[in-house]
There are 2 protein chains.
Amino acid sequence: MSQFDNVSVLKKASVYFDGKVISHTILFAGGEKKTLGVMLPGEYRFGTEQRENMAIQSGQVEVRMPDAAAWVAYKAGESFDVPANSSFNIRVLEVTDYCCAYFAD
Amino acid sequence: MSQFDNVSVLKKASVYFDGKVISHTILFAGGEKKTLGVMLPGEYRFGTEQRENMAIQSGQVEVRMPDAAAWVAYKAGESFDVPANSSFNIRVLEVTDYCCAYFAD
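Residues numbered from 1 in each chain as written. Chains lettered and ligands numbered in written order. Predicted model: local features only at pLDDT ≥ 70, side-chain atom pairs only at ≥ 80, totals over all residues. Heavy atoms only, no water.

Moving on, we get to the side chain of Thr48(B). All names here are of chain B. Relative to the elements of secondary structure, threonine 48 occurs in the loop between strand 5 (42-47) and strand 6 (51-64). Assessed through its relative accessible area of 7%, threonine 48 is described here as buried. Excluding anything up to four places from it in sequence, threonine 48 contacts Val82, Pro83, Ala84, Asn85, Ser86, Ser87 and Phe88. (Helix = DSSP H or I, 4+ residues; strand = E, 2+ residues; numbered from the N terminus. Buried < 20%, exposed > 50% of the residue type's maximum accessible area, 1.4 Å probe, protein only. Contact = heavy atoms within 4.5 Å.)

Following this line, the structure appears as structure tokens:
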């Protein structure tokens, strides 16, 4: 599926790290929320409130969870989960397009 | 209005100038198209196919049309029109959030 239908989109973008990471927020009829975003090359740390699933649409990243020693690589078509009230470090190796789903468990 | 409702959103972003300008495409029920995007500081030149209206949601830019000598400043709440099959130069003075509307006249 190349698009989301029957959704609402917040007009203002969310801008992080001086614009190196930006996203637009998508609201679904059932109350779910996702963001569509782009990350420029660099290393970032994000905190989470809700559980998240980060799906890589294009590009390449490496991710390290707080309790892990190793960095794990993800590319287009792959995704990773982050628990609620946690964080993750991410190395963006090339311009990366992602979709983040949020879960109010 | 802070959001667009009952729309479709293309999942993949449009990425220009190595990610310094990115946008997401919004499709409306009536067939209209808009993009929501973010531009990082820099100077860019964009070509147009359809007539466009660029609304600045936050940030600051200066724009020069092809047949104009002067640069014109625009800030949040202001917008400018670009004819179809034309182009414009834009200096982005700070991270700028915009909404571009396209008109198939």
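Now that the structure is up, let's keep going.
The tally for this structure, following the rule as stated, stands at 16 aromatic pairs over all chains. Between Phe17(A) and Phe46(A), the ring centres sit 5.5 Å apart and the planes meet at 90°, which makes this aromatic pair edge-to-face. With a gap of 29 residues between them, Phe17(A) in the loop between strand 2 (14-16) and strand 3 (21-27) and Phe46(A) in strand 5 (residues 42-47) connect regions that are remote in the sequence. Since its relative accessible area comes to 15%, Phe46(A) is described here as buried. Arranged with centres 5.0 Å apart and planes meeting at 35°, the rings of Tyr74(B) and Phe80(B) form a pair that is tilted. What makes Phe80(B) buried here is its relative accessible area of 2%. Here a set of aromatic residues connected by ring pairs shows up, and it is made of Tyr16(A), Phe17(A), Tyr44(A), Phe46(A), Tyr74(A), Phe80(A) and Phe88(A). Sitting above the plane of the Trp71(A) ring, Arg91(A) keeps its charged end 3.8 Å from the centroid. Between Arg51(B) and the ring centre of Phe103(B), over which it is positioned, the NZ or CZ distance is 4.2 Å. (Phe/Tyr/Trp six-rings, centres within 6.5 Å; stacked < 30°, edge-to-face > 60°. Lys NZ or Arg CZ within 6 Å of the ring centre and 35° of its normal.)

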